[in-house]
Amino acid sequence: MTMDYVPLAGGSSSLSSWIYQRMQEDLKKGKPQFPPEFGDVPKVQTRDLRLLPFGYGQGSGTLAMWLRKRAKEVYDESPEEFEGGSGMRKFDGFDDDLFLQ
């Protein structure tokens with residue numbers, strides 16, 4: 001494991017890369033998983049469809065807001081910090097198309 005630090009998904013870039021690979025597998029199965037520290041996904045959600053932050057594919061506006069809020073509360077990270085820093089697009093083999101469908 002490397003000793004560098006990258007935002008959300010957490011810790012070193014090698015750990016973060018491993019997490020992203022698992023996220024891709026989950027998304028391909030149509031079953032995204034969120035950090036357990038975030039708690040339960042909102043039960044009632046809007047019916048709009050938008051890109052979710054942190055590379056979670058697409059979902060409701062309610063889910064997008066919940067992800068933003070919980071990431072800030074739990075990890076003190078924002079989507080802007082995540083995507084602007086050492087975020088998901090820097091990893092070799094990362095399938096951007098999967099998250100932009």
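Predicted model, so just to flag it, every value in this text is computed and none were measured.

For the protein, the count of helices and strands is four helices and two strands. Secondary structure elements in the protein, listed N-terminal to C-terminal, are α-β-β-α-α-α. Of all 101 residues assigned to the protein, the portion counted as buried reaches 40%. Excluding contacts between residues fewer than 6 apart, the proportion of contacts in the protein whose partners are at least 24 apart in sequence is 47%. As displayed, the protein offers around 6,400 Å² of accessible surface, 52% of which is attributable to carbon and sulfur atoms.

Position of glutamine 21 relative to the elements: it lies in helix 1 (residues 13–28). Overall, glutamine 21 belongs to the partly exposed group, its relative accessible area being 37%. A distance of 3.5 Å separates a polar atom in the side chain of glutamine 21 from a polar atom in the side chain of arginine 22.

Quick notes on the rules
Residues numbered from 1 in each chain as written. Predicted model: local features only at pLDDT ≥ 70, side-chain atom pairs only at ≥ 80, totals over all residues. Heavy atoms only, no water. Helix = DSSP H or I, 4+ residues; strand = E, 2+ residues; numbered from the N terminus. Buried < 20%, exposed > 50% of the residue type's maximum accessible area, 1.4 Å probe, protein only. Contact = heavy atoms within 4.5 Å. Areas by Shrake-Rupley, 256 points an atom, 1.4 Å probe, with all protein chains shown as cover. Polar contact = N/O pair within 3.5 Å; in protein donor to acceptor, adjacent residues only side chain to side chain.

Such coordinate-based values are descriptive only and should not be taken to indicate function.
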